[in-house]
Amino acid sequence: MSSGTGGSYWQGKALPSVFKHELLRRYIPPFGGMTSTQSQDRRVVYLDGYAGEGRYESGEPGSAEIALRVASYYRSRGLHLSCFFVEQQAKSFDRLQQVLRGYTARGVDARAHRGEVDDVLNDVVRRAAGVPLFLFLDPCGLCLPRDRLVDVLARQRPQRRPATELLMNFSMMAVRRLGGHVRSPRGNEKSLERFDAVCGGPWWRESTSPTRAAMRTQPKPWLPSTPGACNA
């Protein structure tokens with residue numbers, strides 16, 4: 001579903017990545033610490049569905065290496081974080097594997113898959129049977145269809161325990177871009193249908209329709225004056 005990243009993206013962190021990675025760094029450790037007691041072997045399963053290269057050229061950790069560092073820290077304290085990483089682009093996948101090898105050599109349980117996150121999602125959920133599961137989905141474009149996420153969160157793992165959590169980036173940039181297809185007579189219907197699947201239906205199109213867009217750009221009439229108001 002994601003078109004990947006390229007160019008200068010992996011040279012250094014941009015501001016959105018700084019925010020997301022700080023959130024991961026602060027959230028994964030307490031999640032694992034608080035939920036690992038829900039499994040007999042103190043194990044937690046983690047899936048990064050759009051892992052990228054794992055590490056920036058500057059040496060800063062990407063989302064994958066942040067999770068690997070947490071897994072390494074956990075391991076020294078008798079808690080096990082099983083990490084699954086997915087990346088579609090060949091170059092990024094090769095670099096991701098290099099990062100993983102440095103941690104698996106130290107005993108961290110981690111593996112990578114080249115392809116789409118949907119290729120491995122069911123397998124990861126099966127491996128997380130009876131243990132907490134944390135899903136991190138941060139695509140460059142559109143994420144998984146809503147029905148697919150509902151299947152995992154509400155059907156495959158409907159129980160309160162062991163815990164299941166999803167951290168997902170929903171790109172407003174993609175929303176604005178696809179909104180242009182609604183307003184344009186040359187709009188790509190296949191792209192719109194993909195976003196329909198992500199949103200769980202075509203309800204979102206109305207908010208970006210030409211009529212709605214015109215209403216947002218129309219000047220607002222002056223409010224009627226009220227007693228005591230100062231009218232210029």
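Residues numbered from 1 in each chain as written. Predicted model: local features only at pLDDT ≥ 70, side-chain atom pairs only at ≥ 80, totals over all residues. Heavy atoms only, no water.

Side note on the pairing of strand β3 (residues 110–114)
Bridge count between strand β2 (residues 80–87) and β3: five bridges; the pairing is parallel. Directly across from phenylalanine 84, in β3, lies its bridge partner arginine 111. In this fold, the crossover linking β2 to β3 by way of helix α3 (residues 90–104) has right-handed handedness. (Pairing = 2+ DSSP bridges. Helix = DSSP H or I, 4+ residues; strand = E, 2+ residues; numbered from the N terminus. Right-handed = clockwise from strand over helix to strand, strands pointing away.)

Some remarks on the sheet that holds β2
The five strands lie next to each other as β3-β2-β1-β4-β5, forming an open sheet whose pairing is parallel. Looking at strand neighbours, the two that pair on one side only are β3 and β5 (164–168), the edges of this open sheet. The average angle at which neighbouring strand axes cross in this sheet is 15 degrees, direction not considered. Sheet topology note: the strand β1 (residues 43–48)/β2 ladder contains six bridges and is parallel. Along β2, the bridge assignment pairs aspartate 48 with phenylalanine 85. Along the sheet, helix α2 (residues 63–75) makes contact with β1, β2, β3 and β4 (133–137), crossing β2 at roughly 165 degrees. Helix α5 (residues 146–156) contacts β4 and β5 of the sheet and is inclined by roughly 155 degrees relative to β5. (Axes fitted to C-alpha atoms, helices over the stretch in contact; angles between N-to-C directions. Contact = heavy atoms within 4.5 Å.)

Here we look at the nonpolar core
Judged by nonpolar contacts, the single largest core of 26 residues is most densely connected at Tyr46, Leu68, Leu81 and Phe85. Elements represented by at least two residues in this core include exactly α1 (15–35), β1, α2, β2, α3 and β4. Among the elements that make up this core, the one with the highest residue count is α2 (seven residues). Excluding anything up to four places from it in sequence, leucine 68 contacts Phe85, Val99, Leu100, Tyr103, Val108 and Ala110. Val86, Val120, Val124 and Val131 belong to the second-largest nonpolar core, a separate cluster that totals 19 residues. (Core = buried A, V, L, I, M, F, W, Y, C linked by side-chain atoms within 4.5 Å. Buried < 20%, exposed > 50% of the residue type's maximum accessible area, 1.4 Å probe, protein only.)

Observations regarding the packing of aromatic side chains
As enumerated under the stated definition, the model contains seven aromatic pairs in all. Plain terms: the ring middles of tyrosine 46 and phenylalanine 134 are 5.7 Å apart, the flat faces sit at 20 degrees to each other, and that makes the pair stacked. A residue pair is termed long-range when its members are at least 10 positions apart, and tyrosine 46 in strand β1 and phenylalanine 134 in strand β4 qualify at 88 residues. Taking the relative accessible area as the measure of exposure, tyrosine 46 reaches 0% and is therefore buried. According to the relative accessible area criterion, phenylalanine 134 is buried, its value standing at 3%. Centroid distance phenylalanine 170 to phenylalanine 195: 6.0 Å. Interplanar angle 35 degrees. Geometry classified as tilted. Taken as a pair, phenylalanine 170 in the loop between β5 and α6 (172–183) and phenylalanine 195 in helix α7 (residues 189–199) lie far apart in primary sequence, 25 residues in all. Classification of phenylalanine 170 as partly exposed rests on a relative accessible area of 36%. Looking at phenylalanine 195, the relative accessible area reads 2%, which means it is buried. Following the ring pairs from residue to residue traces out a cluster consisting of Tyr27, Phe31, Tyr46, Phe85 and Phe134. (Phe/Tyr/Trp six-rings, centres within 6.5 Å; stacked < 30°, edge-to-face > 60°.)

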